[in-house]
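# Structural features, examined
Residues per chain, in single letters:
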Amino acid sequence: MHVLKTVRRIPGGMLIVPLVLAALIHTFTPGALNLGSFTSAIFSSHGLDAMIGLQLFFIGTRFKVRQAPEAIKRGVVLLLAKYGAGAILGLAIAHFFGLGGILGISVLAIVSTVTGANGALYLSLVGECGDTEDSAAMCILNIHDGPFLTLLTLGVTGLAHIPAVSLLAAVLPLLIGAILGNIDNDFEKLFAPGLAVVIPFIGFTIGANINLGSLLHAGISGVILGLTTIIIGGGAAILADRYILRRPGYAGAALASSSGNSIANPAVVAALDASYHPFVQQATVEIAASVVLTAILVPFLTSYFAVHFGSGNSIDEESCSAHLMDACPKG
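One structure accompanies this document, and this report is about it.

Conventions adopted
Residues numbered from 1 in each chain as written. Predicted model: local features only at pLDDT ≥ 70, side-chain atom pairs only at ≥ 80, totals over all residues. Heavy atoms only, no water. Phe/Tyr/Trp six-rings, centres within 6.5 Å; stacked < 30°, edge-to-face > 60°. Helix = DSSP H or I, 4+ residues; strand = E, 2+ residues; numbered from the N terminus. Buried < 20%, exposed > 50% of the residue type's maximum accessible area, 1.4 Å probe, protein only. Lys NZ or Arg CZ within 6 Å of the ring centre and 35° of its normal. Salt bridge = Lys/Arg side-chain N within 4 Å of Asp/Glu carboxyl O. Core = buried A, V, L, I, M, F, W, Y, C linked by side-chain atoms within 4.5 Å. Contact = heavy atoms within 4.5 Å. Expected span 1.5 Å × (residues − 1). Bend = angle between axes of the 7 residues up to and from the residue. Polar contact = N/O pair within 3.5 Å; in protein donor to acceptor, adjacent residues only side chain to side chain. Axes fitted to C-alpha atoms, helices over the stretch in contact; angles between N-to-C directions. Parallel < 35°, antiparallel > 145°, perpendicular 65-115°, else oblique. Left-handed = near helix turned anticlockwise from the far one by under 90°. Nonpolar A, V, L, I, M, F, W, Y, C, P; charged D, E, K, R; others polar. Lys, Arg positive; Asp, Glu negative; His and termini not counted.

So, on to the packing of aromatic side chains. Counted according to the given criterion, the structure contains 8 aromatic pairs. With a centroid separation of 5.5 Å and 75° between ring planes, the pair formed by Phe 43 and Phe 204 is classed as edge-to-face. Within this pair, whereas Phe 43 is found in helix α3 (residues 37–43), its partner Phe 204 is found in helix α12 (residues 185–207), the two being separated by 161 residues in sequence. When the ring of Tyr 304 is compared with that of Phe 305, the centres are 5.5 Å apart and the planes differ by 85°; the resulting orientation is edge-to-face. For Tyr 304, a relative accessible area of 41% corresponds to the partly exposed category. Lying across the ring of Phe 309, Arg 242 places its NZ or CZ 4.1 Å from the centre.

This part is about the pattern of salt bridges. One pass over the structure, following the stated rule, counts 7 salt bridges. Between Asp 131 and Arg 74 there is a salt bridge, and its shortest N-O distance comes to 2.8 Å. Separated by 57 residues along the polypeptide, Asp 131 in the loop between α7 (119–129) and α8 (132–136) and Arg 74 in helix α5 (residues 68–97) bring together distant segments of the chain. By relative accessible area, Arg 74 is classed as buried at 5%. Across the salt bridge formed by Arg 247 and Asp 134, the nearest N and O atoms sit 3.5 Å from each other. Here Arg 247, found in the loop between α13 (213–243) and α14 (250–254), pairs with Asp 134, found in helix α8; they are 113 residues apart in sequence, far enough to count as distant. For Arg 247, a relative accessible area of 18% puts it in the buried group. The structure contains a network of salt bridges with shared partners spanning Glu 70, Lys 73, Arg 74, Asp 131, Asp 134 and Arg 247.

With that settled, the discussion passes to the nonpolar core. In terms of nonpolar packing, the biggest core is built from 53 residues, with Leu 78, Tyr 122, Leu 141, Ile 202, Ile 210 and Leu 255 touching the most fellow members. Dropping the residues within four chain positions of it, Ile 202 is found in contact with Leu 15, Leu 48, Met 51, Ile 52, Gln 55, Ala 120 and Ser 124.

Our next topic: helix α16 (residues 280–309). Helix length check: α16, at 30 residues, gives a terminal C-alpha distance of 40 Å against a target of 44 Å (1.5 Å per residue), a fit within 8%. Its axis deflected by about 30° at Leu 297, α16 carries its strongest bend there, up to four residues before the proline Pro 299.

So, about the side chain of Thr 27. Inspection of the secondary structure puts Thr 27 in helix α2 (residues 13–28). The exposure class of Thr 27 is buried, given its relative accessible area of 18%. Polar side-chain contacts of Thr 27 include one of 2.6 Å to the backbone oxygen of Ala 23.

Further remarks concern the packing of helix α4 (residues 48–62) against α12. Running from N to C, α4 and α12 cross one another at 155°; their axes reach a closest spacing of 8 Å. By the angle class used here, α4 and α12 are roughly antiparallel. Where α4 crosses over α12, the handedness of that crossing is left-handed. Across from Leu 48, Met 51, Ile 52, Leu 54, Gln 55, Phe 57, Phe 58, Ile 59, Thr 61 and Arg 62 in α4, the residues of α12 making contact are Phe 187, Glu 188, Phe 191, Ala 192, Gly 194, Leu 195, Val 198, Ile 199, Phe 201, Ile 202, Thr 205 and Ile 206. Of the residues in the contact of α4 with α12, the class split is 16 nonpolar, 4 polar and 2 charged.

Time to look at the environment of Leu 190. Structurally, Leu 190 can be placed in helix α12. Judged by its relative accessible area of 56%, Leu 190 is exposed. For the pair Leu 190 and Phe 58, spaced 132 residues apart in sequence, the C-alpha separation works out to 9.4 Å.

In this section: the side chain of Asp 241. In this fold, Asp 241 is placed in helix α13. Buried charged residue Asp 241 carries no salt bridge. Nearest counter-charge: Arg 247, at 4.8 Å. Within the structure, Asp 241 has its side chain in polar contact with the backbone nitrogen of Gly 252 (distance 3.0 Å). Residues within four places of Asp 241 in sequence aside, it is in contact with Leu 78, Arg 246, Arg 247, Gly 249, Tyr 250, Ala 251 and Gly 252.

Limitation: the analysis is restricted to geometry and does not speak to function.
The structure is reproduced here in structure tokens:
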């Protein structure tokens, strides 16, 4: 049996297949991945932060000081594009239809979902066939994750803050890796294989927190929200990637997802502003559906742009799925 070769033929397969497998397990046997000890540490959603931390460290060992300006530029442009699209859409709908939104989708749900992105999914996708600067841009793109941009857009930023310690904790693994990699190139060689190894674990730990039933509970409004996130938010990021950064567009496509952390955004906003409380329950279910839908579709979208417009090839050809082989540079 050639299971691994089959998985690699699927666009983003090294991420998406473990993700879907874990989501199926979590949906039908929710406690199966929470046995405790080492099993939960690497296969449950509790392991996600550790896996991302490892990936950032491995990326850091490849990151050279001269690459910092390019990584920051990419991160800022993509962040502003995705955020701007979601903010403008949310404020426009609020102006014309009120906070209740349209088609059963509230302004709270739209802003919480479209402005954010799944950082773990982005890292894994650009880790397959992006370059080091794409991955290092995550230091800027981390702002997408969590309620900060939602609160900013809804006009309550006086109550929102990102502690300096949290920011430091988010970038420290990459910084430590970068220090080691710049001191001695042998560290880069030592940890280079880790990038490919950690991607399936990230996919599995993302999926371990996804209940596929949320698609059914949210109904058509959740599907519409997910597609809106991909088309509007992802579309803006892709356009910025291609026409501002002059890049192939796969990094913008990798940002077309919904952040899992955004599921908590409605409750956070309502705790600060009671006028949003009536929308919390429905918005939460719709956002959960959007997270599931975009996690499944975005790898295919990213692979399309990598195949048709070029790839950064941050690791090597063997690490890319078979569908991406022709896009990866030779040599």
